[in-house]
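Chain and residue survey
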Amino acid sequence: MRLIPCIKSYDEGVDQSKQIDREIKEWIKTYNDAIKLLLLGTGESGKTTIIKQMRILHIKGFSHSERMAMTPHIHFNTHESIYEIIQNMSPLGISLQNPKNVRAQDYLLNVGPEGPQEYNEEYFDNVRDLWQDGGVRECFKRSNEYQLIDSAEYFLDRIDLIGKEDYVPSDADILRCRRKTTGIQKIEFKVKVPKSVHGGTQEFWMFDVGGQRGERKKWIQVFEGIHAIWFVVACSDFDQTLREDNSQNRLKEALILFEDVWQSRFLLEAGLIVFLNKQDLLETKIKQGRSIAPYFPKYNHFEAPGDEYTRTKLFIRSLFANLTNKKRERREVIASAERFVVLEASRARECYFHFTTATDTDNVRTVFRDVHQMILTHILSNIGVY
Ligand SMILES: Nc1nc2c(ncn2[C@@H]2O[C@H](COP(=O)(O)OP(=O)(O)OP(=O)(O)O)[C@@H](O)[C@H]2O)c(=O)[nH]1
Ligand SMILES: [Mg+2]
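Rules and cut-offs
- Residues numbered from 1 in each chain as written.
- Chains lettered and ligands numbered in written order.
- Predicted model: local features only at pLDDT ≥ 70, side-chain atom pairs only at ≥ 80, totals over all residues.
- Heavy atoms only, no water.
- Donors = N, O, S within 2.8 Å, 3.2 Å for Na, K, Ca; no water.
- Helix = DSSP H or I, 4+ residues; strand = E, 2+ residues; numbered from the N terminus.
- Buried < 20%, exposed > 50% of the residue type's maximum accessible area, 1.4 Å probe, protein only.
- Core = buried A, V, L, I, M, F, W, Y, C linked by side-chain atoms within 4.5 Å.
- Contact = heavy atoms within 4.5 Å.
- Arc of directions from axis to C-beta.

1. A word on the coordination of the magnesium ion (ligand 2)
T48 (OG1) and T181 (OG1) make up the full set of protein donors to the magnesium ion (ligand 2), lying at 2.0 to 2.1 Å. Here T181 lies in the loop between helix 9 (171-176) and strand 3 (184-192) and T48 lies in helix 2 (residues 47-58), a separation of 133 residues in the sequence.

Structure representation (structure tokens):
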């Protein structure tokens, strides 16, 4: 995973890199505070999934009782998935392919949006029959036209496993489980610092917030003392609308929110790292023939090498990177009036991009390693060490 600086080059030669390592080493000797990270982004972008990965990678993972506590949520995710699909068949003019499944459809619709009182064999048999129906699959393929959780296919494909009485959720199932975050959550963990730097451990505090519009007013409570923001973007969202406002494109909302965060005077000192997430879903979507062009017509004039998926992900990165350049231009205008302000303000502004799949533990492990090093460097630059 490469670190791609959009303002300041991180790779300015081996000598400088050695120098930075030396400075980090010196700094760690004296620095005892926890590094404070704040995850921001729109709803369903993948913030809580990254927190879960930190538990897997840096804390003890999930105990048996914690796994069992996830089962009702996974059952509900399965229910909301099939229920949303069959509810939307009629509005989209799609019929069941097998008329025998009308009975199962009536059964599920009668159960209602909240799910059954008991997730029993009869319930799972009906879900299985429906998920195998060609009409249900056709409606699933058009899920960008209504609100469906991203893990719908994952859980419905595993209905036999999930329906077992002795089902114990795996790490992968927990990572796929969707529960909206309300309020502010915090996890603390320690990470080994490589011997080449200094050795020992570094403490992290990571804050997770709810990303839906109604949750964002709470964010300011945790802005103070934050060393780095991880801004998470669901790249596969380009053809979907917001759950809380179906007149707004999800990726456009992410861009507006990112610009707000980038420009926030409360976050000027924090490093900014953008996680261009859900690369697995983006790749699948593009390979199925979907295009970003109808939603972002500028894509038609975007020049970049590679296949359609590569070009799309680079285009999405350019949309965010352009917003950071836009801010710099504004600073340069201020520059002619008061040069000192510009030098002072632009020193702290950096933005790095990573392409991620938050449900993939190996991917998050690699990204975290890169980002850890980058954050140490950023804090050093902010306290004036380099
Ligand atoms: N396939 C896939 N699914 C992902 C990825 N990242 C997150 N998800 C899934 O997307 C859903 C939403 O992820 P969350 O981590 O709950 O999103 P969030 O940003 O915390 O959302 P809010 O709490 O509403 O702000 C979950 O079902 C995740 O499993 C990814 O990279 N790939
Ligand atoms: Mg969340």
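2. Looking at unusual backbone geometry
In most cases, non-glycine residues show a negative phi, while peptide bonds are predominantly trans. Phi angles above zero are rare outside glycine, and E44 is one such case at about 65°. By secondary structure assignment, the location of E44 is in the loop between strand 2 (35-41) and helix 2. Assessed through its relative accessible area of 10%, E44 is described here as buried. Of note in this structure, K278 is not a glycine but carries a positive phi near 60°. With respect to the helices and strands, the residue K278 is situated in the loop between strand 6 (271-277) and helix 11 (279-287).

3. Some remarks on the nonpolar core
Counting 42 residues, the largest nonpolar core has L40, F231 and F320 as the members making the most contacts within it. Among the secondary structure elements, those contributing two or more residues to this core are strand 2, strand 4 (201-209), strand 5 (228-234), helix 10 (250-263), strand 6, helix 11, helix 12 (308-337) and strand 7 (351-355). Apart from residues lying up to four places away in sequence, F231 is in contact with L40, G41, A254, L257, F258, V261, L272, I273, V274, F275 and F320. Grouped together as the second largest cluster of nonpolar side chains are 33 residues, L92, F124, W131 and A152 included.

4. Considering helix 5 (residues 121-131)
When helix 5 is considered as a whole, its buried residues turn out to be Y123, F124, N126, V127, L130 and W131. Looking straight down helix 5, one finds that the buried residues subtend no more than 160° of arc, so they occupy a single side. Of the surrounding secondary structure, the elements contacted by the buried residues of helix 5 are helix 3 (64-89), helix 4 (102-111), helix 6 (134-141), helix 7 (152-157) and helix 8 (159-162).

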